[in-house]
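What follows is each chain in one-letter form.
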Amino acid sequence: MFSPFYLFYFGLLIFAATLAYIAYKKGDKKSIAMVVLLILTLLFEVLALILNGRYVFLYDLFIPTEYMLFCLYYWKSQPVIKTKRWAMLSVACFFVFSIAVAFMVFQSQALYMGLVTWNIDLEGFLLFIVFTHLLFNIDDEISLPIYKIPEFWVSVGVLIFYGGVFTILGLYPILLHVDPATAAKKYGFFLNPLNVILYVCIISGSICFLQNRKFLIQ
Amino acid sequence: MLSSKQEIFNSIELISIFFILLIAIIIVTAVLYHNRKKVHRVDLANFQNILLKTQFEVQEQTMQTIGADLHDNIGQLLSLTSLTLNSIELANTANAGQKIETVIDLTVRSIKEMRLLGKLLQGDQLIVSGLPEAIRYQINWIEKSGKHQVEYNQAEELPAASNADKDLIIFRVLQEILNNIIKHAAASQITIDLGYAGGSLKLLVTDNGIGFDSTNLTSQSMGMGLENIRKRTKIIKGEADIQSTPGNGTEVTIIVPYP
């Protein structure tokens, strides 16, 4: 039913969710956002595969949830209240935008492909700002190199994924008209490895937390 | 048609790779930024450490000066007062009157010395009144021993201090230099020049003592004192130059960005 890549991909998601849950149980409270996000991602991906491209507008409901959970992670990592408030305000605005888009998509099937990808692009743009800010404002008071801090890896993963898919997602509706087969091939060419990089980075973040915890306890 | 389609897809690939490279640059910049932040934090911690040590040393120096002055000066005055009072013969009124006058004079001098000591007890508050004032105070105490004559020259216009911590460190460096002169130089004449030019404060201390080979230090304590001078000056982004030859005195130049 599922191709070897998808089996590997889902395995990666399950492993990342498990590690994030262990990190949460060991004291990393912000990991709960990752746990929920990864489980929801797994469910949506499986649903999308089963539905085989139909009801794609459901992504308009998943995307704001994904954005909210990433912002929750940022909110719990960031000490400055002002930036936290801006992040949560952007979640509310993005939710309204996405629900509106989902309604429009439901109304007009002709628009749906374009608006789904532009929704992800807008999410990517907002996450780019949020996680660049987090990357430069990581709380590194403890004497650890930056690459041993969990927030570093999550930020790197998010930036690489959304930076890499920005162009292909933004132009995807046009590419579908130009050459659907090549468009789908290129889409997979970019999205699959970038997805793997994103979840490997999230796994690295959880491993860093568990290793640091051992170091701090000793 | 086919080549234009290919061109479109190639362009998209190139743009995506460009975005990924851009993100790689952002990540590298963030890593470098955090490394610099850590180095700065270590430098700041070192500075705070040295500042605390400096404050403690200034207080210790003040206590030593007070202790020496109480023993050598005020103690002597009060002992003399007590001896004079004990030697008064009430039957001999003329002599008693003279001795009482002497006792009053000794008591007034003791009170004056005690007041000066009281001001010195406010040790690090000298810096609050300014570096030149603190230097003048230090010079007064050196000259009181009578062993050293100190000439002090100050630039007409010195900028107002905006950093009391820096002033404290400069003052401590000067104390270290003067301690070295008193302990090792056997000098009778000390000259202190405090100048300001081009955004830098210049402190020049020269003496007519026995000098030493500045390239080959024989006394370990003198070596550590000079090393302290260099270290303290470096922490406030300054430079210390020590020039000396046996028999020709010593010249210490401290240049520090100021204020």
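Scroll up to find the structure.
The rules behind the values
- Residues numbered from 1 in each chain as written.
- Chains lettered and ligands numbered in written order.
- Predicted model: local features only at pLDDT ≥ 70, side-chain atom pairs only at ≥ 80, totals over all residues.
- Heavy atoms only, no water.
- Helix = DSSP H or I, 4+ residues; strand = E, 2+ residues; numbered from the N terminus.
- Expected span 1.5 Å × (residues − 1).
- Buried < 20%, exposed > 50% of the residue type's maximum accessible area, 1.4 Å probe, protein only.
- Contact = heavy atoms within 4.5 Å.
- Buried area = accessible area lost by both parts, 1.4 Å probe.
- Salt bridge = Lys/Arg side-chain N within 4 Å of Asp/Glu carboxyl O.
- Polar contact = N/O pair within 3.5 Å; in protein donor to acceptor, adjacent residues only side chain to side chain.
- Nonpolar A, V, L, I, M, F, W, Y, C, P; charged D, E, K, R; others polar.
- Phe/Tyr/Trp six-rings, centres within 6.5 Å; stacked < 30°, edge-to-face > 60°.
- Lys NZ or Arg CZ within 6 Å of the ring centre and 35° of its normal.
- Core = buried A, V, L, I, M, F, W, Y, C linked by side-chain atoms within 4.5 Å.
- 1 Å grid on protein atoms, 1.4 Å probe; cavity = no way out; pocket = protein on both sides within 12 Å on 5 of 7 lines; lining within 4 Å.
- Points joined across faces, edges and corners; volume = space filled by probe spheres on them.
- Pairing = 2+ DSSP bridges.

K.L.:
What is the right way to read helix 1 (residues 4-25) of chain A from this model?
P.N.:
Since the α-helix packs 3.6 residues into each turn, any two residues three or four apart lie on the same face. All names here are of chain A. For helix 1, with 22 residues, the first-to-last C-alpha span of 31 Å sits near the 32 Å given by 1.5 Å per residue. Along helix 1, the residues classified as buried are Tyr9, Phe10, Leu12, Leu13, Ala16, Ala17, Leu19, Ala20 and Ala23. Positive phi appears at glycine 27, one or two residues downstream of helix 1, with a value of about 125°.

K.L.:
Is there a simple way to think about the interface of chain B and chain A in this case?
P.N.:
Interface size is often expressed as the accessible area that is lost when the parts come together. Each partner contributes to the interface: chain B provides 20 residues, whereas chain A provides 31 residues. Summed over both partners, the interface of chain B with chain A buries about 2,300 Å², with 74% contributed by carbon and sulfur atoms. When the area that chain B buries against chain A is broken down by residue, the three leading residues are Phe9(B), Ile23(B) and His34(B), summing to 26%. Counting the contacts that link chain B with chain A gives 1 salt bridge. Residues Glu13(B) and Lys186(A) are paired through a salt bridge, measuring 2.1 Å at the closest nitrogen-oxygen approach. Scanning the region where chain B abuts chain A turns up 3 residue pairs in polar contact (both at pLDDT 80 or more). Among the residues forming the side of chain B that touches chain A, the class breakdown is 12 nonpolar, 3 polar and 5 charged.

K.L.:
Honestly, the packing of aromatic side chains in this entry has me stumped. Any pointers?
P.N.:
Here a ring pair, both rings aromatic, is described through the centre-centre distance and the interplanar angle of the planes. All names here are of chain A. This model, assessed by the stated rule, comprises 18 aromatic pairs over all chains. For the ring pair phenylalanine 5 and tyrosine 6, a centre distance of 5.7 Å and an interplane angle of 70° mean the geometry is edge-to-face. Members of the aromatic cluster, each reached through a chain of ring pairs, are Phe5, Tyr6, Tyr9, Phe10 and Tyr199. When the ring centre of tryptophan 75 is taken as reference, the NZ or CZ atom of lysine 84 above it lies at 5.0 Å.

K.L.:
Is there a simple way to explain the nonpolar core in this structure?
P.N.:
The nonpolar side chains of soluble globular proteins are, as a tendency, buried together. By size, the foremost hydrophobic cluster in this structure holds 63 residues, and its most contacted members are Met34(A), Leu38(A), Phe131(A) and Leu135(A). Among the elements of the structure, helix 1, helix 2 (31-51), helix 3 (59-77), helix 4 (81-107), helix 5 (112-136), helix 6 (150-178) and helix 7 (180-217) of chain A together with helix 1 (2-86) of chain B are those that each provide at least two residues to this core. With 13 residues, the single largest contributor to this core is helix 6 of chain A. Not counting chain neighbours up to four residues away, the residues in contact with Leu38(A) comprise Leu13(A), Ala16(A), Ala17(A), Ala20(A), Tyr199(A) and Ile202(A). By size, the runner-up hydrophobic cluster in this structure holds 37 residues, among which are Ile170(B), Leu203(B), Ile242(B) and Val252(B).

K.L.:
Would you take a moment to explain empty space enclosed by the protein for this structure?
P.N.:
Over the atoms a probe the size of a water molecule is rolled, and this reveals where empty space is left. Residues and elements named next belong to chain A. Across all of its chains, the model carries 2 cavities of 30 Å³ or more by this definition. Reported here for the second largest cavity is a volume of approximately 60 Å³. Residue lining of the second largest cavity: Asp28, Ser31, Met34, Tyr73, Pro150, Val154, Ile202, Gly205 and Ser206, and that is the complete set. Taken together, the elements giving at least two residues each to the lining of the second largest cavity come down to helix 2, helix 6 and helix 7. With 3 residues, helix 7 is the largest single contributor of residues to the lining of the second largest cavity. Its residues assigned to classes, the lining of the second largest cavity shows 5 nonpolar, 3 polar and 1 charged.

K.L.:
Would you mind showing me how to read the pairing of strand 2 (residues 189-197) of chain B here?
P.N.:
Look at any regular strand and the pattern is simple: side chains alternate between the two faces of the sheet. Residue and element names in this part refer to chain B. Bridging between strand 1 (residues 149-154) and strand 2 involves 6 bridges; their strand directions are parallel. Its bridge partner lying in strand 2, tyrosine 152 is registered against isoleucine 192. Where strand 2 folds back onto strand 3 (residues 200-207) in an antiparallel hairpin, the turn is made up of 2 residues, including glycine 198, whose phi is positive at roughly 55°.

K.L.:
Looking at this structure, I do not really get unusual backbone geometry. What am I missing?
P.N.:
When glycine is set aside, most residues are seen to have a negative phi, and most peptide bonds are trans. Residue and element names in this part refer to chain B. One non-glycine residue with positive phi stands out, namely alanine 186, at about 55°. Relative to the elements of secondary structure, alanine 186 occurs in the loop between helix 4 (164-185) and strand 2. Here alanine 186 falls in the exposed class, since its relative accessible area comes to 62%. For lysine 237, which is not glycine, the phi dihedral falls at a positive 65°. Looking at where lysine 237 falls in the secondary structure, it is placed in the loop between helix 5 (220-235) and strand 4 (239-244).

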